Amino acid sequence: MFKKIILLTVVLFLSSCGAKRKGVEASKDSKEIVLGKSEAVAYKSLGNGVASISLHLFENNTFKFDFKSIPQPGTDEKPIKISEKGTYTSDGNWKTLNFKKPKFSLAAIFDENYSGAADFKVIDKEHVKINTAKNALPIWGVVCEKQ
């Protein structure tokens, strides 16, 4: 497991070298969503040198997704910042997250190359289905632990 995490970190580092990165503004629709007061479930990234990630699902069927990449030392990369709010629907332990017109690729963030079908499934450009029965979700190849 530890070797896979190291390999993943190296692959992500090499794939990001030289790429111009910038922050992604939240969509207009995302800014209008009012989040709930209490969390139903939350995931947060474990310590790593790649990204800080959190996903909070609230009792009123809203969610907040925050992502900030960590630029590699010795580069002039700027961190990628994503902060989106949305709504979700439930089907048992599976929650379908609805990102309204995201300004980023869900398939790039929820990369199925770093997970199994039991973790999540990208449905289209605005929807991803996650399994909240899991104690951890790999998002952008980073392990995010259930809180």
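Everything numeric here is computed off the predicted structure, so don't read it as measured data. (Residues numbered from 1 in each chain as written. Predicted model: local features only at pLDDT ≥ 70, side-chain atom pairs only at ≥ 80, totals over all residues. Heavy atoms only, no water.)

J.: What am I meant to see in the overall build of the protein chain here?
T.: The secondary structure content of the protein chain amounts to three helices and nine strands. Listing each helix as α and each strand as β along the protein chain from the N terminus yields α-α-β-β-β-β-β-α-β-β-β-β. Out of the 147 residues in the protein chain, the part that is buried amounts to 39%. Of the contacts made within the protein chain by residues no fewer than 6 positions apart, 52% connect residues no fewer than 24 positions apart. When the accessible surface of the protein chain is summed, it comes to about 8500 Å², and 55% of that surface belongs to carbon and sulfur atoms. (Helix = DSSP H or I, 4+ residues; strand = E, 2+ residues; numbered from the N terminus. Buried < 20%, exposed > 50% of the residue type's maximum accessible area, 1.4 Å probe, protein only. Contact = heavy atoms within 4.5 Å. Areas by Shrake-Rupley, 256 points an atom, 1.4 Å probe, with all protein chains shown as cover.)

J.: Just checking my understanding: could you explain the packing of aromatic side chains for this structure?
T.: Aromatic rings in a pair are described by how distant their centres are and how their planes are angled relative to each other. For the structure on display, the rule yields eight aromatic pairs. Seen from their ring centres, phenylalanine 65 and phenylalanine 99 are 6.1 Å apart, and the 85° between their planes marks the pair as edge-to-face. Placement of the pair is phenylalanine 65 in strand E3 (residues 62–69) and phenylalanine 99 in the loop between strand E5 (94–98) and helix H3 (106–109), with a sequence separation of 34 residues. Under the relative-accessibility criterion, phenylalanine 99 is labelled buried at 0%. (Phe/Tyr/Trp six-rings, centres within 6.5 Å; stacked < 30°, edge-to-face > 60°.)

J.: How should the sheet that holds E3 be read in this particular structure?
T.: Strand pairing within a sheet occurs via backbone hydrogen bonds; the two strands may be parallel or antiparallel. As summarised here, the arrangement of the nine strands in space is E6-E7-E5-E4-E3-E2-E1-E9-E8, forming an open sheet in which the pairing is antiparallel. Looking along the sheet, the strands with just one partner apiece sit at the ends: strand E6 (120–122) and strand E8 (136–139). In this sheet, adjacent strand axes meet at a mean angle of 25° when their direction is disregarded. Bridge count for strand E1 (residues 39–45) against strand E2 (residues 51–58) is five bridges, and the pairing is antiparallel. Looking across to E2, one finds that glutamate 39 is bridged to phenylalanine 58. (Pairing = 2+ DSSP bridges. Axes fitted to C-alpha atoms, helices over the stretch in contact; angles between N-to-C directions.)

J.: Please clarify how the side chain of serine 69 should be interpreted in this entry.
T.: Following the sequence through the fold, serine 69 ends up in strand E3. Its relative accessible area of 8% is what places serine 69 among the buried residues. Side-chain polar atoms of serine 69 contact the backbone nitrogen of isoleucine 80, separated by 2.7 Å. Sequence-distant contacts of serine 69, that is, excluding residues within four places in its chain, are made with Val50, Ala51, Lys78, Pro79, Ile80 and Trp140. (Polar contact = N/O pair within 3.5 Å; in protein donor to acceptor, adjacent residues only side chain to side chain.)

J.: So what exactly am I meant to see when it comes to the confidence of the model for the protein chain here?
T.: Looking at the protein chain as a whole, the pLDDT averages 82, with 79% of positions reaching at least 70. Counting contacts from residues 1–24, a segment whose pLDDT is below 50, to residues more than four positions away or on other chains yields 27 contacts. (pLDDT = per-residue confidence, 0-100.)

J.: Is there a simple way to explain the pairing of E2 in this structure?
T.: Across a regular strand the side chains alternate sides, sitting on one face of the sheet and then on the other. Counting buried positions over the eight residues of E2 gives six, a clear majority of the element. Connecting E1 to the next strand, E2, in antiparallel fashion are five residues. In this sheet, E3 lies alongside E2 in antiparallel orientation, the contact comprising seven bridges. What sits directly across from isoleucine 53, in E3, is phenylalanine 67. In this antiparallel pair of consecutive strands, E2 and E3, the connection spans three residues, and asparagine 61 shows a positive phi of 65°.

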